[in-house]
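Observations on chain architecture
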Amino acid sequence: MCEAQPGRGRSVSLHPQEDLLQEARAFQDSAAFAPYRALRQARYRGRRKTEAQLLPAATVAHLTRLSGC
């Protein structure tokens, strides 16, 4: 096994918001996330069919947001 020369090794750094990322990952594994998980799944298989589902839903979301409801 070769050893790195002094000052030539690798370093590991954590993301500045690593705590927040870990908290979000823990939330995704919890039972409280179940309603959101159901919304994230596409009804169809294939990119074309998934887009056909996504575009009207996104349009409704944007129009609802613009209307202020």
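Preceding this paragraph is the structure being described.
Cut-offs and rules
Residues numbered from 1 in each chain as written. Predicted model: local features only at pLDDT ≥ 70, side-chain atom pairs only at ≥ 80, totals over all residues. Heavy atoms only, no water. Helix = DSSP H or I, 4+ residues; strand = E, 2+ residues; numbered from the N terminus. Rg over C-alpha atoms; globule rule 2.2 N^0.38 Å. Buried < 20%, exposed > 50% of the residue type's maximum accessible area, 1.4 Å probe, protein only. Areas by Shrake-Rupley, 256 points an atom, 1.4 Å probe, with all protein chains shown as cover. Lys, Arg positive; Asp, Glu negative; His and termini not counted. Charge placed at Lys NZ, Arg CZ, Asp CG, Glu CD. Patch = residues over 30% accessible without salt bridge, like charges linked within 9 Å, V, L, I, M, F, W, Y side chains within 5 Å. Salt bridge = Lys/Arg side-chain N within 4 Å of Asp/Glu carboxyl O. Phe/Tyr/Trp six-rings, centres within 6.5 Å; stacked < 30°, edge-to-face > 60°. Expected span 1.5 Å × (residues − 1).

Summing up its helical and strand segments, the protein has three helices and zero strands in all. Put simply, the protein runs from its N terminus to its C terminus through helices and strands in the order α-α-α. Taking 11 Å as the expected radius of gyration for a compact globule of 69 residues, we find that the protein reaches 22 Å, considerably beyond that expectation. Principal-axis analysis of the C-alpha atoms places the extent of the protein at approximately 60 × 30 × 30 Å. Counting every position in the protein, which comprises 69 residues, the buried fraction comes to 1%. With the model as given, the accessible surface of the protein reaches about 7,300 Å², and the carbon-plus-sulfur share is 56%. Side-chain charges in the protein split into 11 positive and 6 negative, and the spacing between the mean points of these groups amounts to 16 Å.

Let us look at a nonpolar patch on the surface. Taken together, the side chains of Phe27, Tyr36 and Leu39 define a hydrophobic patch exposed on the protein surface, amounting to about 360 Å² of accessible area. Looking at the element boundaries, Leu39 is found in helix H2 (residues 34-39).

Here we come to the packing of aromatic side chains. All chains considered together, the criterion is met by three aromatic pairs. Ring geometry for Phe33 against Tyr36: centres 5.9 Å apart, planes inclined by 35°, an arrangement best described as tilted. A connected cluster of aromatic rings, assembled from ring pairs, spans Phe27, Phe33 and Tyr36.

Helix length check: helix H3 (residues 47-67), at 21 residues, gives a terminal C-alpha distance of 30 Å against a target of 30 Å (1.5 Å per residue), a fit within 8%. Of all 21 residues in H3, zero are buried, a share of ten percent or less. Phi turns positive one or two residues past the end of H3, at Gly68, with a value near 85°.

With that settled, the discussion passes to the pattern of salt bridges. According to the stated counting rule, one finds two salt bridges in the structure shown. Of the charged contacts, one joins Glu18 and Arg25 as a salt bridge, the two residues approaching to 3.9 Å between their closest N and O atoms. With a relative accessible area of 43%, Arg25 lands in the partly exposed category.

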